[in-house]
Amino acid sequence: MTDPSGVLYDSTRPLDPMGDAETLEKDGARKNFAKVGSARPSSLLYTYGPGSIMDLPHFTIMPSGLDDWDRVWKRRGGIPTVHAPRLLEVVRVMLGSQVGELRPFPWEPKPTIFSQEGRDLGVPARVFPQWMRCTGCDRLAPISVFDYTNTKPFRTDDAIFEHSPCHGRRGRVAKKGSTRRPVVPARYLLACVKGHLDEFPYDWWVHEGSACAKADVPVLKMRERAGGKGASAVIVCESCNATRPMNEAQGDAGRAKLPLCRGRLPHLDGFADGGCAAEPRLMLVGASNLWFPATLSIIDMPRLDPKEQLADDADRIRVALGDNLTKFSGKPDVIRALLDAHGVPNDSWSDTQLQELISAAIKPPMSEDQRQEKKEHWNPIDLLVPEWRYLQRDPASDFHTDERSGLTLSPRAIANDMPAGISRVLAVDRLRKVNAVVGFTRIDELDRVNDVTNRLVSLTRTDRPKWTVATEDRGEGVFLQLDEDLVRAWEDRVASSELWASHKAAHRRNFGRRFSETAEVVNPEERMQPPRYWLLHTLAHSLIREMAMDSGYGAASLSERIYAWRGDGTRPAAAGILICTTASDSDGTLGGLVRLSEPDLLAAIVSGALHRAGRCSSDPVCAVRTPHDPEDFLHGAACHCCVMASETSCERANRFLDRRFLLALPGSDLGFFGRPDDW
């Protein structure tokens, strides 16, 4: 089957790389089509998830939707799950009550590099884009024109598409034995704000919307003229000598020359129901706004609310017993025996408590109306509140461990020379972070509060997925809490300042210029982070930079988790940060970060971080940077020379940062920690 853009694919045939490999093996072909590369689970979640484009050495691929993952998991007798009831509750609010579980990536570790264990597991993917350009003669054509080679089972990086025979740019046959030339992906695509992605219609473009007058299948070439920067290529039809530069497709004027979006969803091998009439825009394969994951994450901590504890225990029973729960719900003794067999402790539950848990476990899920209402009022802070409540409890002793979550905390004293304002410190010796992906967007990042729901692209062919993918990271960290009274007094002072008024105005301009429909239906004031968030965010970045020099971890390995909101009737006020490091493929704990929580060491690190934050090699320009109309950047006195961090460290893409809220820089007296010279 060929779609209107000329790309060969079969939407009725399931994506089954292992099945393809087995078929080829039966035919006597010694090839390794099933494997094309590898990636860490964290990168598959945050950078290269379903619907994204992943760079391999010789071409690019797109991980497929979760429907194809089901086919891979069915090769095993049992499917592992990730236990995180608190996160699963929110996933159900986002995707529907039918979501039954969180699953890890289809992968298992190998005892040796040459082991065959886990060979039948992997993330299904397809080549995308499927229009390729020959590096020898500039031939532009679908992949069906070129040859694919991948014959080494343990060298998947050698997988390559080649053009043979290639006659070179001058049309002459090359030397004997060197007529094969590698091909690379043609780097232009079409994308729309509703998350659709399509091949660029090169044939349609060069002939300005009509067919070639000289050939049914014209010979196209893509010639570069400016070193491959931007839309610098020229498309040439050698059959009729038509030419057209790609830069005509750029900008607002260029969008008017492009065809309307067809609603293509390549990760699902299909098109959106009803199509799509949105205006697409030119996109490069490696563009940073091509794919934004919509993720949710928690630090696994016990919940203190009795209703939430009941929900957690009921979920454990539901997951452990499955269909047996309903079958034996009226027989507590049988339920206890089944729980013992599944390793679920139940001795602490009386018969009355167990019956209450069973009733909660078999309770029908919330209705769709209830889910939509809950989703409408959901706030990302809801994921952080249980963590904040638990962190307010002082550990009973060093290395105090919660048996269920594995969270281990140790109390730490405050050194006499610790900067005033930091009231409490905890060493997080061990933690478990669980991350789940619920979809993705293109062109414009998803806002997680009251955003336009149709912007979130589904990971499955149905809008009612039965599961979604999640990862487990384990590591260590340091928790610091600021004095709430001091923070509140400081925040009141900042709220009436001209600097804060400038940041709020810039945020309104930034929000109004967004590409998506979100700006049309959401009040930008609801998205503006409060002053205390700016303060804690800037402090976290300063500490990450300073800790990287003493912990043994690189700065990109450290991440922040910020608890910053004013109290109301439903949640207590919060002003704290957790600096942690986690890893998905090991325990993630070497002790270097926890060691820095010792009173004297931490006091020196905080003082050093404040001292460095007071000076920037870009000062005085950086120190006085303030957005003024028409500027709409979401930071102030902050740059990559002083407090900005890598993407892996920052939860807000280096937005909402300003050193003037941390320290009183020249021309400003709003610093929470006083003047830079004090440190």
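Source: prediction; values computed, not measured.

A. Spotlight on the overall build of the chain. Along its length, the chain carries 19 helices and 24 strands. Its C-alpha atoms put the chain at 80 × 70 × 50 Å along the principal axes. Each of the 679 residues in the chain was classed as buried or not, and the buried ones make up 52%. Taking contacts inside the chain between residues at least 6 apart in sequence as the whole, the part at least 24 apart equals 69%. When the 88 positive and 93 negative side-chain charges of the chain are each reduced to one mean point, those points stand 6 Å apart.

B. Just the sheet that holds strand 2 (residues 60-63), in detail. Strand order in the open sheet made by the 3 strands is 1-2-4, with antiparallel pairing throughout. Edge strands, defined here as strands with exactly one partner in the open sheet, are strand 1 (54-55) and strand 4 (125-127). Summarising the sheet, strand 1 and strand 2 pair through 2 bridges and their orientation is antiparallel. Residue pairing for strand 2: methionine 54 is matched across the bridge by isoleucine 61.

C. Layout of helix 14 (residues 498-512). Along its 15 residues, helix 14 runs 21 Å from first to last C-alpha, staying within 8% of the 21 Å computed at 1.5 Å per residue. Those residues of helix 14 that fall on the buried side of the exposure criterion are Leu499, Trp500, Ser502, His503, Ala505, Ala506, His507, Arg509 and Phe511.

D. How the structure looks around the sheet that holds strand 11 (residues 197-199). Strands sit in the order 11-10-17 across an open sheet of 3 strands; the sheet is antiparallel. In this open sheet, the two strands that pair with only one neighbour each are strand 11 and strand 17 (281-284). Here the strands of the sheet are splayed against their neighbours by 40° on average, with no regard to which way each runs.

E. Broad picture of empty space enclosed by the protein. If you walk through the whole model with that rule in mind, you get 1 cavity of 30 Å³ or more. Each pocket or cavity is described by its volume, and for the largest cavity that value is around 40 Å³. The residue inventory of the lining of the largest cavity, partitioned by class, reads 6 nonpolar, 3 polar and no charged.

F. Up close: the pairing of strand 12 (residues 220-224). In this structure, strand 6 (residues 139-142) lies alongside strand 12, joined through 2 bridges in antiparallel fashion. Its bridge partner lying in strand 12, arginine 139 is registered against lysine 221.

G. Examining the pairing of strand 21 (residues 422-441) more closely. Of all 20 residues that make up strand 21, 18 are buried, and the element is covered over most of its length. Examined bridge by bridge, strand 18 (residues 292-299) and strand 21 share 8 bridges and lie antiparallel to one another. Bridging across to strand 21, serine 297 finds its partner in asparagine 435. Alignment of strand 20 (residues 408-412) against strand 21, held across 5 bridges, turns out to be antiparallel. Directly across from threonine 408, in strand 21, lies its bridge partner arginine 430. Relative to strand 22 (residues 467-482), strand 21 runs antiparallel, the two being bridged by 12 bridges. In the sheet register, asparagine 435 faces strand 22, and the bridge partner there is threonine 471.

H. Spatial organisation of the packing of aromatic side chains. One pass over the full model with this rule turns up 22 aromatic pairs. Centroid distance phenylalanine 672 to phenylalanine 673: 4.9 Å. Interplanar angle 85°. Geometry classified as edge-to-face. With respect to class, phenylalanine 672 is no different from phenylalanine 673; both count as buried. The positively charged end of arginine 244 is found above the aromatic ring belonging to tryptophan 205, 3.7 Å away from the centroid.

I. Local environment of the packing of helix 4 (residues 85-95) against helix 7 (residues 306-321). Where helix 4 contacts helix 7, the two axes come as close as 10 Å, and the packing angle between them is 90°. In terms of their interaxial angle, helix 4 and helix 7 are classed as roughly perpendicular. Contact with helix 4, carried on its side by Pro85, Arg86, Leu88, Glu89 and Arg92, involves Ala311, Asp312, Asp315 and Arg318 of helix 7 and no other residues of that element. The residue makeup of the contact of helix 4 with helix 7, split by class, is 3 nonpolar, no polar and 6 charged.

J. Layout of helix 13 (residues 484-495). The end-to-end C-alpha separation of helix 13 is 16 Å, in line with the 16 Å expected for 12 residues at 1.5 Å each. Those residues of helix 13 lying buried are Val487, Trp490, Glu491 and Val494. When helix 13 is viewed along its axis, its buried side chains cluster within an angular range of 105° and face the same direction. Residues of helix 13 that are buried make contact with strand 22, helix 14, helix 16 (531-551), strand 24 (574-583) and helix 19 (659-662).

K. Looking closely at the nonpolar core. Counting 49 residues, the largest nonpolar core has Leu480, Leu482, Met547, Ile577 and Phe673 as the members making the most contacts within it. A per-element tally of this core places helix 16 first, with 9 residues. Leu66, Trp69, Phe161 and Trp467 belong to the second largest nonpolar core, which has 31 residues in total.

L. Highlighting the pattern of salt bridges. A full pass over the atoms with the stated rule returns 47 salt bridges. Here arginine 103 makes a salt bridge to glutamate 101, at a shortest N to O gap of 2.7 Å. Judged by its relative accessible area of 8%, arginine 103 falls in the buried class. Glutamate 472 serves as the salt-bridge partner of arginine 432, at 2.6 Å between the closest nitrogen and oxygen. Placement of arginine 432 in strand 21 and of glutamate 472 in strand 22 is noted, with a sequence separation of 40 residues between them. For arginine 432, a relative accessible area of 6% puts it in the buried group. Among the ionic contacts, a cluster of salt bridges with common partners joins Glu484, Arg488, Glu491, Asp492, Arg532 and Arg566.

M. Here's a closer look at the confidence of the model for the chain. Overall, the predicted model of the chain reaches an average pLDDT of 87, with 90% of residues at or above 70. Mean pLDDT values for the elements of the chain range from 60 in helix 15 (residues 518-521) up to 97 in helix 19. Throughout residues 1-12 the model reports pLDDT below 50, and contacts reaching past four residues in sequence, or to other chains, amount to 27 contacts.

N. Here's a closer look at the side chain of lysine 221. Here lysine 221 is to be found in strand 12. A relative accessible area of 9% places lysine 221 in the buried class. Only 3.3 Å separates the side chain of lysine 221 from the backbone oxygen of cysteine 137, close enough to count as a polar contact. Setting aside its immediate chain neighbours within four residues, lysine 221 contacts Cys137, Asp138, Arg139, Leu140, Val234, Ile235, Val236 and Glu238.

O. Structural context of unusual backbone geometry. A cis amide bond links phenylalanine 128 with the next residue in sequence, proline 129, at an omega value of -5°. Mapped onto the fold, proline 129 is located in the loop between strand 4 and strand 5 (131-134). Residue proline 165 follows serine 164 across a cis peptide bond; omega there is -5°. For glutamate 208, which is not a glycine, the phi torsion comes out positive at approximately 50°. Relative to the elements of secondary structure, glutamate 208 occurs in the loop between helix 5 (202-206) and strand 12. Among the residues examined, glutamate 208 registers a relative accessible area of 59% and is labelled exposed. Phi is positive for asparagine 241, close to 70°, though the residue is something other than glycine. Summarising the element assignment, asparagine 241 is placed in the loop between strand 13 (233-237) and strand 14 (242-245). Residue asparagine 241 is classed as exposed on the basis of its relative accessible area of 65%.

Analysis parameters
- Residues numbered from 1 in each chain as written.
- Predicted model: local features only at pLDDT ≥ 70, side-chain atom pairs only at ≥ 80, totals over all residues.
- Heavy atoms only, no water.
- Helix = DSSP H or I, 4+ residues; strand = E, 2+ residues; numbered from the N terminus.
- Buried < 20%, exposed > 50% of the residue type's maximum accessible area, 1.4 Å probe, protein only.
- Contact = heavy atoms within 4.5 Å.
- Lys, Arg positive; Asp, Glu negative; His and termini not counted.
- Charge placed at Lys NZ, Arg CZ, Asp CG, Glu CD.
- Pairing = 2+ DSSP bridges.
- Expected span 1.5 Å × (residues − 1).
- Axes fitted to C-alpha atoms, helices over the stretch in contact; angles between N-to-C directions.
- 1 Å grid on protein atoms, 1.4 Å probe; cavity = no way out; pocket = protein on both sides within 12 Å on 5 of 7 lines; lining within 4 Å.
- Points joined across faces, edges and corners; volume = space filled by probe spheres on them.
- Nonpolar A, V, L, I, M, F, W, Y, C, P; charged D, E, K, R; others polar.
- Phe/Tyr/Trp six-rings, centres within 6.5 Å; stacked < 30°, edge-to-face > 60°.
- Lys NZ or Arg CZ within 6 Å of the ring centre and 35° of its normal.
- Parallel < 35°, antiparallel > 145°, perpendicular 65-115°, else oblique.
- Arc of directions from axis to C-beta.
- Core = buried A, V, L, I, M, F, W, Y, C linked by side-chain atoms within 4.5 Å.
- Salt bridge = Lys/Arg side-chain N within 4 Å of Asp/Glu carboxyl O.
- pLDDT = per-residue confidence, 0-100.
- Polar contact = N/O pair within 3.5 Å; in protein donor to acceptor, adjacent residues only side chain to side chain.

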